Amino acid sequence: MKAMDKEAMKVQYQSFAANMKTLMLSTIDEHGKPFLSYAPFVKYDGKFYIYISKIANHYRYMEENPAVDVMLIEDESKATNLFARQRARFVCSALNLGNAGYDEIFELFAQSFGKSMMDMLRGLDFSLFELTPSEGRYVAGFGQAYDIDLTADKFVHVNRDGHTSTNRS
């Protein structure tokens, strides 16, 4: 793959990720079964942050098992091919940070979702979770998969056999 193509894909990923406001969450319930949900999020310092209610199932599941997968996925109405929707998936570890401190994170939430909304939610039973990605994969379309980190500092093309390219140019 040419370096220019890779740079174009990297910019495409960064634009895609920058325009997302919610993520899909895959957690594990108390019986070891997968549970799928979603949450609004912000990104900071290479990590995702979600602010969720204690009554939400995924809150309890992440408390009991911090293993969580996260997916950002292109809106169906904007996809040119529904078999190859643009998406990024991350393997993460969740940590409940509570509701105090982390002013820079809450400021990002206020910028994205409105100060009045965040002021209202801060008065409820919500808690901030930090989701730390350990690995990620971005799929831009057929034959266009990349092993990535959240910030795209790592951006390595994956061959059709599922292995990363040895040619990094």
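What you are looking at is a predicted structure, and each value in this text was computed from that prediction instead of being measured. Along every chain, residues carry numbers that run from 1 in the direction the sequence is written. Side-chain atom pairs in this predicted model are given and counted only at pLDDT of 80 or more, local residue features only at pLDDT of at least 70, and totals for whole chains, interfaces and linings cover all residues. Calculation of side-chain values draws on the structure's entire complement of heavy atoms; hydrogens and water are dropped beforehand.

Quick word on the overall build of the chain
Here is step 1 of the chain: Each helix corresponds to a stretch of at least 4 residues labelled H or I by DSSP, and each strand to a stretch of at least 2 residues labelled E; elements are numbered beginning at the N terminus. If you tally the helices and strands in the chain, you get 4 helices and 8 strands.
Here is step 2 of the chain: Secondary structure elements of the chain occur, N-terminal to C-terminal, as α-β-β-β-α-β-β-α-α-β-β-β.
Here is step 3 of the chain: For 169 residues, the compact-globule estimate of 2.2 N^0.38 gives 15 Å, and the C-alpha radius of gyration of the chain, at 17 Å, lies within 12% of that figure.
Here is step 4 of the chain: Principal-axis analysis of the C-alpha atoms places the extent of the chain at approximately 50 × 40 × 30 Å.
Here is step 5 of the chain: Only protein chains enter the accessibility calculation, which uses a 1.4 Å probe; a residue whose area is less than 20% of its type maximum is buried, one above 50% is exposed, and one in between is partly exposed. Taking all 169 residues of the chain together, 40% fall into the buried category.
Here is step 6 of the chain: Any two residues having at least one pair of non-hydrogen atoms within 4.5 Å are treated as being in contact. Summarising the internal contacts of the chain: among those between residues at least 6 apart in sequence, 61% fall at separations of at least 24.
Here is step 7 of the chain: Throughout, the Shrake-Rupley method with a 1.4 Å probe supplies accessible areas, and for residues the shown protein chains are the sole cover considered. As displayed, the chain has an accessible area near 9,700 Å², and 52% of this comes from carbon and sulfur atoms.
Here is step 8 of the chain: Charged side chains of the chain number 19 positive and 22 negative; the gap between the two group centres comes to 5 Å. Only C-alpha atoms enter the radius of gyration; for comparison, a globular chain is expected to reach 2.2 Å times N to the power 0.38, where N is the number of residues. Positive: Lys, Arg. Negative: Asp, Glu. His and the chain ends are not part of the count. Each charge is placed at NZ for Lys, CZ for Arg, CG for Asp and CD for Glu.

Overview of the nonpolar core
Here is step 1 of the chain: Take the buried Ala, Val, Leu, Ile, Met, Phe, Trp, Tyr and Cys residues and link them wherever side-chain atoms come within 4.5 Å; each set so joined is a nonpolar core. In terms of nonpolar packing, the biggest core is built from 31 residues, with Tyr13, Phe48, Ile50, Leu72, Phe90, Leu131 and Tyr138 touching the most fellow members.
Here is step 2 of the chain: Discounting chain neighbours no more than four positions away, the residues touching Leu131 are Leu25, Lys47, Phe48, Ile50, Met62, Val68, Val70, Cys92, Ser93 and Ala94.
Here is step 3 of the chain: The next biggest cluster of nonpolar side chains, apart from the first, holds 12 residues, and it includes Ile105, Met118, Leu121 and Leu128.

Digging into the pattern of salt bridges
Here is step 1 of the chain: Only one rule defines a salt bridge in this text: a Lys or Arg side-chain nitrogen within 4 Å of an Asp or Glu carboxyl oxygen. Applying the stated criterion to the full structure yields 5 salt bridges.
Here is step 2 of the chain: Residue Arg89 is joined to Asp69 by a salt bridge in which the shortest nitrogen-to-oxygen separation is 2.9 Å. Highlighted residues: Arg89 in strand 5 (residues 87-98) and Asp69 in strand 4 (residues 67-73), separated in sequence by 20 residues.
Here is step 3 of the chain: The salt bridge partner of Glu76 is Arg85, with a shortest N-O separation of 3.6 Å.

Remarks on the UniProt feature "domain: Pyridoxamine 5'-phosphate oxidase N-terminal" (unreviewed entry) in the chain
Here is step 1 of the chain: UniProt positions are given in the numbering used here, feature names are shortened, and annotations may be inferred rather than shown by experiment. On the UniProt side, "domain: Pyridoxamine 5'-phosphate oxidase N-terminal" (unreviewed entry) is annotated at positions that read residues 12-139 here.
Here is step 2 of the chain: Counted over residues 12-139, helix gives 27% and strand 45%. Its end C-alpha atoms are 11 Å apart.

What to know about the pairing of strand 7 (residues 144-148)
Here is step 1 of the chain: In terms of burial, strand 7 is a largely internal element, 4 of the 5 residues being buried.
Here is step 2 of the chain: In short, DSSP must find at least two bridges between two strands for them to pair. Summarising the sheet, strand 6 (residues 126-141) and strand 7 pair through 5 bridges and their orientation is antiparallel. Across the sheet, residue Gly136 finds its bridge partner in strand 7, namely Ile148.
Here is step 3 of the chain: Examined bridge by bridge, strand 7 and strand 8 (residues 155-158) share 4 bridges and lie antiparallel to one another. Within the sheet, the bridge partner assigned to Ile148 lies in strand 8 and is Phe155.
Here is step 4 of the chain: Between strand 7 and strand 8, which follow one another and run antiparallel, lie 6 residues, and Ala152 among them has a positive phi close to 70°.

Things to note about the side chain of Glu130
Here is step 1 of the chain: Along the chain, Glu130 turns up in strand 6.
Here is step 2 of the chain: Taking relative accessible area as the criterion, Glu130 reaches 13% and is therefore assigned buried.
Here is step 3 of the chain: Excluding residues within four positions of it along the chain, Glu130 makes contact with Lys47, Phe48, Tyr49, Ser93, Ala94, Leu95 and Leu97.

Concerning the packing of helix 3 (residues 103-113) against helix 4 (residues 115-122)
Pairs of packed helices are described in terms of their axes, by the angle between the two and the distance that separates them.
Here is step 1 of the chain: Only C-alpha atoms enter the line fits that serve as axes; for helices the fit covers just the stretch in contact. Angles between N-to-C directions range over 0 to 180 degrees. Across the interface, helix 3 lies against helix 4 with an axial gap of 7 Å and an inter-helix angle of 130°. Classed by the angle they form, the pair helix 3 and helix 4 counts as oblique. Side by side, helix 3 and helix 4 meet where Phe106, Phe109, Ala110 and Phe113 of the first sit next to Lys115, Met117, Met118 and Arg122 of the second.
Here is step 2 of the chain: Residues were grouped as follows: Ala, Val, Leu, Ile, Met, Phe, Trp, Tyr, Cys and Pro as nonpolar; Asp, Glu, Lys and Arg as charged; and all remaining residues, including Gly, as polar. Taken together, the residues of the contact of helix 3 with helix 4 break down into 6 nonpolar, no polar and 2 charged. Note on terminology: angles under 35 degrees are roughly parallel, angles over 145 are roughly antiparallel, angles of 65 to 115 are roughly perpendicular, and the others are oblique.

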